[in-house]
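Spelled out from the first residue to the last, the chains are:
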Amino acid sequence: FEVYIFSYNHDDESRDYIKNNVFKFVELDGLDNTKATQKMIDCNLDILIDLTIIITNNRQEIIHNRPAKKIISYLVYPGTSGSSIYDYIITDKIVTPISQQKYYTEKFLYLPRTYQINDGRRLYKNKNNKSHKKDHGLPESSIVLSCFNQSFKIEEVMLSCWLDILKQVSNSFLWLLEDNEASKENIYSFAKNRGIEESRIVFAPRINRADHLLRLQLSNVTLDTMIYNGHTTTTDSLQSAVPVVTLIGNHFASRVSASLLTSIGLEELVTKNISEYKSLAIRLVSDSVYFNQIKNNLLNDDFNNDFYNIEKFVVELEDSLISIIN
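Computed from a predicted model, the values in this text were never measured in an experiment.

Q: In this structure, what is going on with the overall build of the protein chain? I would like to understand it.
A: If you tally the helices and strands in the protein chain, you get twelve helices and twelve strands. Seen through its C-alpha atoms, the protein chain measures out along the principal axes to roughly 65 × 45 × 40 Å. Within the protein chain, the fraction of its 326 residues that count as buried is 51%. Of the contacts formed within the protein chain by residues at least 6 apart in sequence, a portion of 65% connects residues at least 24 apart. Looking at charge distribution, the protein chain has the averaged site of its 35 positive side-chain charges lying 2 Å from that of its 41 negative ones.

Q: When you look at helix H12 (residues 310-325) in this model, what are you seeing that I'm missing?
A: Since there are 3.6 residues in each turn of an α-helix, residues three or four apart along the chain are aligned in direction. The terminal C-alpha atoms of H12 lie 23 Å apart, and with 16 residues this matches the ideal 22 Å at 1.5 Å per residue to within 8%. Every buried residue of H12 is accounted for by Phe-313, Glu-316, Leu-317, Ser-320, Leu-321 and Ile-324. For H12, the angular spread of buried residues about the axis comes to 130°, placing them on one side. Where H12 is buried, its residues touch strand S3 (45-50), strand S4 (68-73), strand S5 (88-91) and strand S6 (107-110). With a side-chain oxygen positioned 3.3 Å from the backbone nitrogen of Glu-311, the residue opening H12 is Asn-309.

Q: Looking at this model, I keep getting lost on the sheet that holds S6. Mind explaining?
A: Within a beta sheet, neighbouring strands are joined by backbone hydrogen bonds and run either parallel or antiparallel to one another. A sheet is described by the order of its strands in space; here four strands give the open sequence S3-S4-S5-S6, paired in parallel fashion. Looking at which strands have only one partner, the edges of the open sheet turn out to be S3 and S6. For this sheet the average axis-to-axis angle between neighbouring strands, irrespective of direction, equals 35°.

Q: What is the right way to look at the sheet that holds strand S9 (residues 201-204) in this model?
A: Spatially, S9-S8-S7-S10-S11-S12 is the arrangement adopted by the six strands of the open sheet, whose pairing is parallel. Since the sheet does not close on itself, it has two edges, and those belong to S9 and strand S12 (270-271), each with one partner. Where helix H5 (residues 181-193) meets the sheet, its contacts fall on strand S8 (172-177) and S9, and the angle it forms with S9 comes to roughly 170°. Of the strands in this sheet, strand S7 (143-147), strand S10 (221-223), strand S11 (244-247) and S12 touch helix H9 (residues 274-286), which is tilted by about 170° from S11.

Q: What is the right way to look at helix H2 (residues 33-42) in this model?
A: Taken together, the buried positions of H2 are occupied by Ala-36, Thr-37 and Met-40. Within H2, the buried residues cover an arc of 100° as seen down the axis, which keeps them to one side. Facing away from the buried surface of H2 by more than 90 degrees, the exposed residues are Thr-34, Lys-35 and Asp-42. Buried positions along H2 lie against strand S1 (4-7), S3 and helix H3 (60-64). N-cap assignment for H2: the residue whose side-chain oxygen lies 3.2 Å from the backbone N of Thr-34 is Asp-32. Immediately downstream of H2, the backbone of Asn-44 shows phi near 55°, a positive value.

Q: Hey, could you run me through the pairing of S1 in this one?
A: Along a regular strand, successive side chains alternate from one face of the sheet to the other. The pairing of S1 with strand S2 (residues 24-27) spans four bridges and is classified as parallel. Bridging from a neighbouring strand, Tyr-4 pairs with Lys-24 of S2. Following the backbone out of S1, through helix H1 (residues 14-19) and into the adjacent parallel S2, one traces a crossover that is right-handed.

Q: I keep staring at the packing of aromatic side chains and nothing clicks. Help me out?
A: The geometry of an aromatic ring pair comes down to the distance between the two centres and the angle between the two planes. Under the counting rule described, the total for this entry stands at nine aromatic pairs. Note on Phe-108 and Tyr-110: the rings are 5.7 Å apart at their centroids and 50° apart in plane angle, and the pair reads as tilted. Ring centres of Tyr-115 and Phe-252 lie 5.1 Å apart, and the angle between their planes is 85°; on these two criteria the pair is classed as edge-to-face. Of this pair, Tyr-115 sits in the loop between S6 and S7 while Phe-252 sits in the loop between S11 and helix H8 (256-263), and the two are 137 residues apart along the sequence. Both residues of the pair, Tyr-115 and Phe-252, count as buried. A connected cluster of aromatic rings, assembled from ring pairs, spans Tyr-4, Phe-6 and Phe-23. A cation over an aromatic ring shows up here: Arg-283 above the ring of Tyr-290, its NZ or CZ 3.6 Å from the ring centre.

Criteria and thresholds
- Residues numbered from 1 in each chain as written.
- Predicted model: local features only at pLDDT ≥ 70, side-chain atom pairs only at ≥ 80, totals over all residues.
- Heavy atoms only, no water.
- Helix = DSSP H or I, 4+ residues; strand = E, 2+ residues; numbered from the N terminus.
- Buried < 20%, exposed > 50% of the residue type's maximum accessible area, 1.4 Å probe, protein only.
- Contact = heavy atoms within 4.5 Å.
- Lys, Arg positive; Asp, Glu negative; His and termini not counted.
- Charge placed at Lys NZ, Arg CZ, Asp CG, Glu CD.
- Expected span 1.5 Å × (residues − 1).
- Arc of directions from axis to C-beta.
- Polar contact = N/O pair within 3.5 Å; in protein donor to acceptor, adjacent residues only side chain to side chain.
- Pairing = 2+ DSSP bridges.
- Axes fitted to C-alpha atoms, helices over the stretch in contact; angles between N-to-C directions.
- Right-handed = clockwise from strand over helix to strand, strands pointing away.
- Phe/Tyr/Trp six-rings, centres within 6.5 Å; stacked < 30°, edge-to-face > 60°.
- Lys NZ or Arg CZ within 6 Å of the ring centre and 35° of its normal.

That is the geometry; function is a separate question.
Here it is as structure tokens:
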């Protein structure tokens, strides 16, 4: 494989690393769509994988010009583009069962395990974590139920469920991302109306990712959102050896955590309804034997080795790509 990266609107710290580890790095910033398309065509591409699709700052006009033999949607947008310009979407059989093919303009290009790659790091092996609950507004003896998903993912039915868990588990606290002031006040008000003191909901400010991953390890259990799961945030929790409870839905965005948990060997943390979800979360924080079993599995390299095996993922991805060219 000769891997080209076509970059635009990116200036983060990973840029130099990527630039030095691919066959060719092509900068598209400053080029109009016609010139950018021609640069791609000149590379004689077999496959173009779009990592923007229809989110902000996309370059859809380039994609419409079909600068490659096959065009694939992957990773960033968890669903169909609704456009005929994409030949395939890279996915797996949990996030998109074959029965959902009729809802997609793209053909499913299945990976054998989970569709989502991670960076292969076991974050819990960091021995220098000196973060303490008290540093984040949490009592040291508290049971911490966290969700660092963006606030728009928190729907009423799930928030109600979380508050019910707080009522049933003494000394438990809900740890959320401080996304914006409006959502923060709405959540406080919602909780107050259901008899939950404001002090039991703690908001964490946005900080750099490295420090966030250190504080995340203070959480006992991550509570997933329903209609739109945690995607990167679920991986963050698993890499930090924090169990994640999820409720599997009926569309891509609501099935990602189920895919990740199954890939790491913890499909038992995937529930099918609110009642199961609530019971499982309560069991995890109340039954120390069961909790330690799940925790030890997350800490056990032999148990979850495939989840972190980037080389194996690359082979699976390459095999899938070859299958649509030959």
